[in-house]
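# Survey of secondary and tertiary structure
So you can see what is in the structure, the chains are spelled out below.
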Amino acid sequence: MVIYQKTLYFILVLCYNYCRLILLVGGKRGQLEKLEKFIINGGKRLNGSVKISGAKNAAVAIIPAAILAEEPCVLENLPMIDDVSIDLKILKEMGADVKMLNSDTIRIDPRHINDAVVPYEMARSMRASYYFLGTLLSKFNHAKVSMPGGCDLGDRPIDQHLKCFKALGANYTIEHGIVDISAENLVGTQIYFDKVSVGATINAMLAAVKANGLTILENAAKEPHVVDLANFLNSMGADIMGAGTDVIKIRGVKRLGGAHYSIIPDQIEAGTYMVAAAATKGDVTVMGVIPKHLEYITSKLRKIGATVTENDDSIQVIGSDSPYERINIKTMPHPGFPTDMQPQFAAMLTMAKGTSIITEGVFDNRFRYVDELRRMGADISVDGKVAVIEGVSKLTGAPVKAADLRAGAALVIAGLSTLGVTEIEDIKHIERGYEKMVEKLSLLGADIVKRTYPDAEPMRKAL
Ligand code: EPZ
């Protein structure tokens, strides 16, 4: 009887999509939007090992920073994700020579960049475009960059970035959505961040690295990608001390040379696969990681009842067949529990025993995935920055939408750990930050495919 019900459900989902497709084609003939989805047939344990790519949030800071070099730079272990390709397109638009040396290695020759303006649409399509403000200000004493885009996580001002630039001697206007900033010259100073901000800390380093004299950043962010950028800049000849602590000292230098640098592994990508392993009761080893960057994830997974083994550069996660224990999570700036792992844990906790509480301590609204998990049967209530999750015995597959990058990752985890078909729309958010997610999950035994419509071919085959 169950097989019959599942087959009927599967046919109904296909018919529903087929009808939507017909309406889409009929309604918008000639101007069809490409509709892409992940289709997950869940309930399978993930098993095996997965190589973790370079860190997105390090790459999107280090690529703009290469502009400051007066010789070519070679960057290794770059994740080939949409945000990185946009960054590289911006560099090419500005006159840099960008060459792919192999699948994850790029050579950037910035010597022919002579324009301090970043193309508007490219800049507004991502959050990290604001790093061009700090780099171009440093290189040309001028920068024109659109206000950033990126994941909608509530209010995301850039006042701390602008405060740093002003403190270093720059003036700016914001008109028509563009930040136009310039300085006679940049002079080192003492800056205290009113709020711990990864972006503002990174932008301040970029703007101060060639300023006259000493800049001291206090209440600075300590994320691994902040340290990675400081290490990259120092390999070019910068003089930065204290990155990774809340006081960073930057002594301005006259010249930055080229560098050959390898980006750190992505601790959020690694954490996502670790949670997926636990959620599907599988046995997965994430390879090429820095376990220290994952300490919080490891401890929380152990606390709910998964088995986690740390090795030099890999971590094995073995899920438990019994329901997980409930836990409380409060996201904080590093070294606290990373906000970028909050949605993924929430997806897993929807099926834990008892009541889990998640407090989002960094962003105003990072619960936009909750409505979509409710479609799958989750019992979650949200009040401001607190989500209360009542564990249920199981979820059911459903058509859902990714609201942002990590919300999408949470839906993938929910779909993988749920019997039935889950279709995820708006996967562009996911592909911005996860390299080859379908390939990596398929190698671990997941039944996941990417479908592009109106290519109804697969539908007809299925029908
Ligand atoms: C970076 O965003 C990351 N993005 C985010 O990752 C990450 O969630 C976040 O840091 C925190 O770790 C990139 O690195 C490209 P913040 P960022 O400045 O720099 C407020 C992902 O999923 N704030 O540390 O924008 C801000 O509104 C993405 O990979 C100000 O008030 O984060 C937020 O509440 C999502 N004024 C808090 O500080 C400012 O000038 C932390 O923001 C700047 C920030």
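Residues numbered from 1 in each chain as written. Predicted model: local features only at pLDDT ≥ 70, side-chain atom pairs only at ≥ 80, totals over all residues. Heavy atoms only, no water.

### Considerations on the overall build of the protein
Broken down by element type, the protein carries 16 helices and 23 strands. By the compact-globule yardstick of 23 Å for 463 residues, the protein fits well, its C-alpha radius of gyration being 23 Å. Overall, the C-alpha framework of the protein stretches about 75 × 55 × 40 Å when taken along its three principal axes. Burial statistics for the protein: of 463 residues in total, 53% are counted as buried. Surface exposure of the protein reaches about 18,800 Å², of which carbon and sulfur atoms provide 52%. (Helix = DSSP H or I, 4+ residues; strand = E, 2+ residues; numbered from the N terminus. Rg over C-alpha atoms; globule rule 2.2 N^0.38 Å. Buried < 20%, exposed > 50% of the residue type's maximum accessible area, 1.4 Å probe, protein only. Areas by Shrake-Rupley, 256 points an atom, 1.4 Å probe, with all protein chains shown as cover.)

### Re the sheet that holds strand β12 (residues 247–251)
Strand-to-strand pairing in sheets goes through backbone hydrogen bonds, with the strands running parallel or antiparallel. As summarised here, the arrangement of the four strands in space is β9-β10-β12-β11, forming an open sheet in which the pairing is mixed. Pairing within the sheet leaves two strands with one partner each, and these edge strands are β9 (190–192) and β11 (239–241). Sheet twist, expressed as the average angle between the axes of neighbouring strands with direction ignored, equals 15°. Across five bridges, strand β10 (residues 214–218) lies against β12 in antiparallel orientation. Residue pairing across strands places isoleucine 216 opposite lysine 249, the latter belonging to β12. (Pairing = 2+ DSSP bridges. Axes fitted to C-alpha atoms, helices over the stretch in contact; angles between N-to-C directions.)

### Details of the site of the ligand
Around the ligand sit 27 residues, and of these Asp159, Gln160, Ser197, Asp340 and Val362 come closest. Contact between the ligand and arginine 127: an oxygen atom at 3.1 Å from a side-chain N or O atom of the residue. The contact in question runs from an oxygen atom of the ligand to an N or O atom on the side chain of arginine 156, over 3.0 Å. Class assignment of the residues belonging to the shell around the ligand gives a composition of eleven nonpolar, six polar and ten charged. (Near = heavy atom within 4 Å. Polar contact = N/O pair within 3.5 Å; in protein donor to acceptor, adjacent residues only side chain to side chain. Nonpolar A, V, L, I, M, F, W, Y, C, P; charged D, E, K, R; others polar.)

### Concerning the nonpolar core
Counting 79 residues, the largest nonpolar core has Met205, Leu217, Leu229, Phe232, Leu233 and Ile240 as the members making the most contacts within it. Those residues in contact with leucine 217 that sit more than four places away from it in its chain are Ile191, Phe193, Thr201, Ala204, Met205, Asp246, Val247, Ile248 and Ile250. Ranked by size, the runner-up nonpolar core spans 74 residues in total, among them Ile304, Met351, Ala403 and Ile424. (Core = buried A, V, L, I, M, F, W, Y, C linked by side-chain atoms within 4.5 Å. Contact = heavy atoms within 4.5 Å.)

### Topic: the sheet that holds strand β4 (residues 97–102)
One open sheet accounts for four strands, arranged β4-β5-β3-β13; its pairing is mixed. Of all the strands in the sheet, the pair left with one neighbour each is β4 and β13 (260–262). For this sheet the average axis-to-axis angle between neighbouring strands, irrespective of direction, equals 20°.

### Examining a nonpolar patch on the surface
A contiguous nonpolar surface patch, about 230 Å² in accessible area, is contributed by Met147, Tyr172 and Ile174. Checked against the element boundaries, tyrosine 172 lands in strand β7 (residues 171–175). (Patch = residues over 30% accessible without salt bridge, like charges linked within 9 Å, V, L, I, M, F, W, Y side chains within 5 Å. Salt bridge = Lys/Arg side-chain N within 4 Å of Asp/Glu carboxyl O.)

### Overview of helix α7 (residues 198–208)
Most of α7 sits inside the fold, with ten of its eleven residues counted as buried. Every buried residue of α7 is accounted for by Gly199, Ala200, Thr201, Ile202, Asn203, Ala204, Met205, Leu206, Ala207 and Ala208. Taking the backbone nitrogen of glycine 199 as reference, a side-chain oxygen 3.5 Å away marks serine 197 as the first, capping residue of α7.

### Quick word on the packing of α7 against helix α8 (residues 224–235)
At a minimum axis separation of 10 Å, α7 and α8 run at an interaxial angle of 10°. As the angle between them shows, α7 and α8 are arranged roughly parallel. Together, Val198, Thr201, Ile202, Met205 and Leu206 of α7 and His225, Val226, Leu229, Ala230 and Leu233 of α8 make up the contact between the two elements. Classifying every residue of the contact of α7 with α8 by side-chain character gives eight nonpolar, two polar and no charged. (Parallel < 35°, antiparallel > 145°, perpendicular 65-115°, else oblique.)

### Details of the side chain of serine 129
Mapping serine 129 onto the fold places it in the loop between α4 (120–124) and α5 (131–140). Using a relative accessible area of 0% as the deciding quantity, one classes serine 129 as buried. Excluding anything up to four places from it in sequence, serine 129 contacts Ala123, Val145 and Pro148.

### Topic: the packing of aromatic side chains
Per the stated rule, a full pass over the model turns up five aromatic pairs. Relative to phenylalanine 345, the ring of phenylalanine 337 has its centre 5.2 Å away and its plane inclined at 80°; by these criteria the two rings are edge-to-face. Judged by its relative accessible area of 1%, phenylalanine 337 falls in the buried class. Residue phenylalanine 345 is classed as buried on the basis of its relative accessible area of 0%. Here the aromatic cluster, defined as three or more aromatic residues joined through ring pairs, consists of Tyr296, Phe337 and Phe345. Here the guanidinium or amino end of lysine 37 rests over the ring plane of tyrosine 453, the centre of that ring lying 5.1 Å away. Taking NZ or CZ as reference, lysine 281 lies 4.1 Å from the ring centre of tyrosine 324, over its face. (Phe/Tyr/Trp six-rings, centres within 6.5 Å; stacked < 30°, edge-to-face > 60°. Lys NZ or Arg CZ within 6 Å of the ring centre and 35° of its normal.)

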